[in-house]
Amino acid sequence: MKRLINLKPRRAARVALALLPFLLIAFVYLGVSNARHAENPNDRLLPLPAQMAETFAGMATEANVRTGSIPLWADTAASLQRLGIGVGISAVAALVFGLLSGGLPLFRAPFSPLITVVSLIPPLAILPILFIAFGTGEMAKVVLIVVGITPFLIRDLTGEALRLPNEQRIKAQTLGASSWQVMLRVLLPQLTPRLISTTRLALGSAWLFLIAAEAIAAQEGLGYRIFLVRRYLAMDVILPYVAWITLLAFVIDQALLWISRWSFPWYHVDEKAAS
Amino acid sequence: MSLVQAKGLEKHYGRDVVLERLNFSVEPGEFVTIVGASGCGKTTFLKMMLGTESITRGQLLVEDKPIPGEPGPDRGVVFQKYSVLPHLTVLGNTLIAEELSRSKLLGKLFGSRRRQAREAALERLTEVGLENALDKYPHELSGGMQQRLAIAQALMMRPRILLLDEPFGALDPGIRQDMHELVTRLWREQQLTIFMITHDIDEAFALGTRVWVFDKWRDDPHAPEAYGATITYDLDVERNREDAPSQAKQIEEDMHS
C-alpha cells in the first residue's frame, strides 16, 4: 500500500469525487425540506426546489408593476455595473501604483508604509463616511469596492515586482533601458497576469462590499433584493439569488482565468506542471 | 591604453573585508577567467564591474574613467540563470535591445523599423544557432539554449566588455563543450574583452587567455573577516599553453589545502 500522500484519483474518479459533496448537500437539503413540508405545507424556511424555480422564473420574466422592469435582470445589471466599475478602477489604480512602488525605491519609501496602514482600515467601518461624502447613490458603492480591494491589490503587485529576479532589471539596463523602459517592458508585462490572478482572489471581497453597500442603501441590485425580501422570510427568493450570484462569480472567475491563460501562456507554465 | 584597470580596489561590508589589494590592468581582447573558492568575492568583483555594487576604496577604471555606478550598454552580462525575460519569445528577447535604444518612449518598434531591427536580431540569433526557435518562450528551451539566447541578447548592443557569471555552471558537460566553442568564436569575431567567473578550473584554462585565482592573501584564524581576497595568481595562459594542465592541477591542490 502506497502512502496516503501518493494516492491520486484517476480522471473519472476525480470528477465523481468533485460532484460528491454537491450531491450530498442537495440530498440532505431535499430530505430536510421534504420532512418540514410533510409537517407544515406552508413552511417558508426551506422551500422545495419546484417552489424556488417557480419564484425565480417569475423574477426573471415578470415586470414589477411599480418600476416596470424585470427584477432579476434589473438587479443583475445594476450589481454587475457597480462591480465592474469598482473592480476596473481598482485594477487600473493597482497596476499604476504597484508598478511605481515596485519599480522605484524612491516612490516606495513614502508610499509603501502608507498603503500598508490604509489596507488595514476595515472598509465597512468607513462606509458611513462614504455615504455622508458621496450620498447614497452609485458613487458610494463603487468607492467602497475601490477602497476595499485596491490597497490589497497594490500590496500584492508591489511584492510581485520585488520578487522578480533582479537579474532581469540589470539585464535590461545593460541593453540600454531607462527607468521608464524597465517599468514598461520588464515589470508591466509580468505584473499584468499577476494582477488578473490577484483580482480573481479579490473578487470575493468585492462582492462582499457590493452586497453590504446595497443592503444598506439602494433601489435595485442583487444585495438589495436579498435584504429586502428577508423581511418576509422569502427564502424562495433568497436561495435562488444566492445561487445566481455564485454562478455569476464563477463565470467571472473562469473568464479571467481563461483570458490570462490565453494572453500570458508563459505565466501559467508552473501550474500546468503541478497539476 | 588598458581597457580596464584597478588601483588598490577594495570592498568592505561593514568591518568585513571582502576584497582588497586588487591591482590589475586588462588590455582590449583579453579573456580573463576567474576561479576561487565560493564566498571569496568573485561575484562581488563582477558586480562592481557591472556597477551594482559600490566601491569602498581605490579605483576601478574603464578607459581611464571611473566605472559608472549602474549597469549600462557598454558592459553586457550573462548570469547563470534569470538572464532572459520569461515573458518574451526568443525573437522578442533579442529584439528588445534594438527597441529600447531606438524607441525611447514606448520601447517598442513597428512597421519598417521593426523589420530592420528584426534583421539585426536574426543575425545575432543565427550566430548562436537559435534561428529555428524564434517564437519559443524561454521556458520551452533547454538550459543550454536559454544561455545561447542570453549570450545573443547580451551581444545585441555590441558591448566592448562581456561579463559572464558562471554561465555554464548548470549545463551538462557535452553542452558545455558546445558553449565553449560558441563563446570562443564570438570572442574572436567580435573582439570582446571577457571576464568570466567559473568554478571549473579546467574550463578556466581552456577558455581564458588569462586566469585569475581569487583567494585571501592572509588568513588570521582569530579574525577571519580582517583580511579580504585578492588575485593570488595571475597566469598568462596563451603564451605557455603546454604547461596549462599542470598549472591547473597545482591551483586545484592549493585551493583545497
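Predicted model only: the values in this text are computed from it and were never measured. (Residues numbered from 1 in each chain as written. Chains lettered and ligands numbered in written order. Predicted model: local features only at pLDDT ≥ 70, side-chain atom pairs only at ≥ 80, totals over all residues. Heavy atoms only, no water.)

Let us now look at the overall build of chain A. Secondary structure summary: chain A contains 11 helices and 0 strands in total. Taken over C-alpha atoms, the radius of gyration comes to 24 Å for chain A, far larger than the 19 Å a tight globule of 275 residues would show. A principal-axis box enclosing the C-alpha atoms of chain A has dimensions of 80 × 65 × 30 Å. Split into buried and exposed, the 275 residues of chain A put 41% on the buried side. For chain A, the share of sequence-separated contacts (at least 6 apart) that also reach a separation of at least 24 residues comes to 67%. The positive charge centre, built from 24 side chains, and the negative charge centre, built from 15, are 11 Å apart in chain A. (Helix = DSSP H or I, 4+ residues; strand = E, 2+ residues; numbered from the N terminus. Rg over C-alpha atoms; globule rule 2.2 N^0.38 Å. Buried < 20%, exposed > 50% of the residue type's maximum accessible area, 1.4 Å probe, protein only. Contact = heavy atoms within 4.5 Å. Lys, Arg positive; Asp, Glu negative; His and termini not counted. Charge placed at Lys NZ, Arg CZ, Asp CG, Glu CD.)

Okay, the domain arrangement of chain B next. All names here are of chain B. Domain boundaries in chain B define domain 1 (1-74 + 159-257) and domain 2 (85-158). For domain 1 versus domain 2, the separation of C-alpha centres amounts to 28 Å. At the interface, 16 residues of domain 1 touch 12 residues of domain 2. Across the domain 1/domain 2 interface, buried area totals approximately 1200 Å², and carbon plus sulfur atoms make up 68% of it. (Domains from an automatic or database assignment. Buried area = accessible area lost by both parts, 1.4 Å probe.)

In the UniProt entry, the feature "domain: ABC transmembrane type-1" (unreviewed entry) is given for residues 76-260 of chain A. Helix makes up 86% of residues 76-260 of chain A and strand 0%, with an end-to-end C-alpha separation of 25 Å. (UniProt positions renumbered as here; feature names shortened; annotations may be inferred.)

Bringing the UniProt feature "transmembrane region" (unreviewed entry) in chain A into the picture now. Residue and element names in this part refer to chain A. The residues that UniProt annotates with the feature "transmembrane region" (unreviewed entry) are residues 83-107, 114-134, 200-217 and 238-259. The span residues 200-217 is 94% helix and 0% strand, and its two end C-alpha atoms sit 26 Å from each other. Annotation note: span residues 238-259, helix share 100%, strand share 0%, distance between end C-alpha atoms 32 Å.

Let us now look at unusual backbone geometry. Residue and element names in this part refer to chain B. Positioned with a positive phi, Tyr 82 is a non-glycine residue whose angle comes to about 60 degrees. Turning to its location among the elements, Tyr 82 is positioned in the loop between β6 (75-78) and α2 (90-102). With relative accessibility at 42%, the residue Tyr 82 sits in the partly exposed group. A positive phi angle is found at Arg 158, which is not glycine, with a value near 50 degrees.

We now examine helix α1 (residues 42-50) of chain B. All names here are of chain B. Counted residue by residue, α1 has 7 buried out of 9 residues, so it is predominantly covered. Looking at α1, one finds that the buried residues are Lys 42, Thr 44, Phe 45, Leu 46, Met 48, Met 49 and Leu 50. Two residues or fewer past α1, Gly 51 is found with a positive phi of approximately 100 degrees.

Turning to the packing of aromatic side chains, a few remarks are in order. In this structure the tally under the stated criterion is 16 aromatic pairs over all chains. Each member of the aromatic cluster is reached from another via a ring pair, and the members are Phe 24, Phe 45, Phe 195, Trp 212 and Phe 214 of chain B. (Phe/Tyr/Trp six-rings, centres within 6.5 Å; stacked < 30°, edge-to-face > 60°.)

At the interface, 21 residues of chain A touch 34 residues of chain B. Of the roughly 2400 Å² buried where chain A meets chain B, counting both sides, 65% is carbon and sulfur surface. The largest contributions to the chain A side of the interface with chain B come from Lys 171, Leu 175 and Arg 185 of chain A, which together make up 34% of the buried area. In this structure, Glu 99 of chain B and Arg 185 of chain A form a salt bridge, with 2.6 Å as the shortest nitrogen-oxygen distance. Where chain A meets chain B, there are 10 residue pairs in polar contact (both at pLDDT 80 or more). At the level of elements, α7 (166-174) and α8 (179-216) of chain A are the ones that each hand at least two residues to the side of chain A that touches chain B. Taken together, the residues of the side of chain A that touches chain B sort by class into 12 nonpolar, 6 polar and 3 charged. (Salt bridge = Lys/Arg side-chain N within 4 Å of Asp/Glu carboxyl O. Polar contact = N/O pair within 3.5 Å; in protein donor to acceptor, adjacent residues only side chain to side chain. Nonpolar A, V, L, I, M, F, W, Y, C, P; charged D, E, K, R; others polar.)

A cluster of nonpolar residues, Trp 180 of chain A together with Leu 105, Leu 106 and Phe 110 of chain B, forms a patch on the protein surface that exposes about 470 Å² of accessible area. You can call Phe 110 of chain B exposed: its relative accessible area is 55%. (Patch = residues over 30% accessible without salt bridge, like charges linked within 9 Å, V, L, I, M, F, W, Y side chains within 5 Å. Areas by Shrake-Rupley, 256 points an atom, 1.4 Å probe, with all protein chains shown as cover.)

Residue and element names in this part refer to chain B. Burial analysis of strand β8 (residues 193-197) places 5 of its 5 residues in the buried class, which makes it a mostly covered element. On β8, burial covers both faces: Thr 193, Phe 195 and Ile 197 on one face and Ile 194 and Met 196 on the other are all buried. Note: strand β3 (residues 31-36) against β8, 4 bridges, orientation parallel. Note that in β8 the partner of Thr 33 across the bridge is Met 196. The sheet contact formed by strand β7 (residues 161-165) and β8 spans 5 bridges and is parallel. Its bridge partner being in β8, Leu 162 is matched across the sheet by Ile 194. (Pairing = 2+ DSSP bridges.)

Let us now look at the pattern of salt bridges. All names here are of chain A. Applying the stated criterion across every chain yields a total of 19 salt bridges over all chains. Between Glu 160 and Arg 163 there is a salt bridge, with the nearest N and O atoms lying 3.3 Å from each other. Of this pair, Glu 160 and Arg 163 both sit in helix α6 (residues 138-163), 3 residues apart, which is roughly one turn of that helix.

Moving on to the nonpolar core. Residues and elements named next belong to chain B. Judged by nonpolar contacts, the single largest core of 92 residues is most densely connected at Ile 151 and Ile 194. Counting contributing residues per domain, this core is built from domain 1 (1-74 + 159-257) and domain 2 (85-158), each supplying no fewer than three. Beyond its immediate chain neighbours, meaning those up to four positions away, Ile 151 contacts Val 78, Phe 168, Met 179, Leu 182, Val 183 and Leu 186. Formed by 31 residues, the second largest nonpolar core is a distinct cluster that contains Phe 24, Phe 195, Trp 212 and Phe 214. (Core = buried A, V, L, I, M, F, W, Y, C linked by side-chain atoms within 4.5 Å.)

This next bit is on the confidence of the model for chain B. In this model, chain B carries an average pLDDT of 87, and 96% of its residues clear a pLDDT of 70 or more. Across chain B, the element-wise mean pLDDT spans from 69 in helix α7 (residues 244-256) of chain B up to 95 in β8 of chain B. (pLDDT = per-residue confidence, 0-100.)

The subject of this paragraph is the side chain of Lys 141 of chain A. Residue and element names in this part refer to chain A. Within the secondary structure, Lys 141 is located in helix α6. Buried charged residue Lys 141 carries no salt bridge. Nearest counter-charge: Glu 138, at 4.6 Å. A polar side-chain atom of Lys 141 sits 3.1 Å from the main-chain carbonyl oxygen of Ala 217. In this structure Lys 141 touches Arg 82, Thr 136, Ala 213, Glu 214, Ala 217 and Ala 218, once residues within four positions along its chain are discounted.

With that out of the way, let us pick up the packing of α8 of chain A against helix α10 (residues 235-263) of chain A. Residue and element names in this part refer to chain A. Orientation of α8 relative to α10, taken along the N-to-C sense of each, is 165 degrees, at an axis distance of 9 Å. For the element pair α8 / α10, the angle class is roughly antiparallel. Pair α8 / α10 crosses with right-handed handedness. Contacts between α8 and α10 pair Pro 193, Ile 196, Thr 199, Arg 200, Leu 203, Trp 207 and Ile 211 from the former with Ile 245, Leu 248, Ala 249, Ile 252, Asp 253, Leu 256, Leu 257 and Ser 260 from the latter. Considering only residue class, the contact of α8 with α10 consists of 11 nonpolar, 2 polar and 2 charged. (Axes fitted to C-alpha atoms, helices over the stretch in contact; angles between N-to-C directions. Parallel < 35°, antiparallel > 145°, perpendicular 65-115°, else oblique. Left-handed = near helix turned anticlockwise from the far one by under 90°.)

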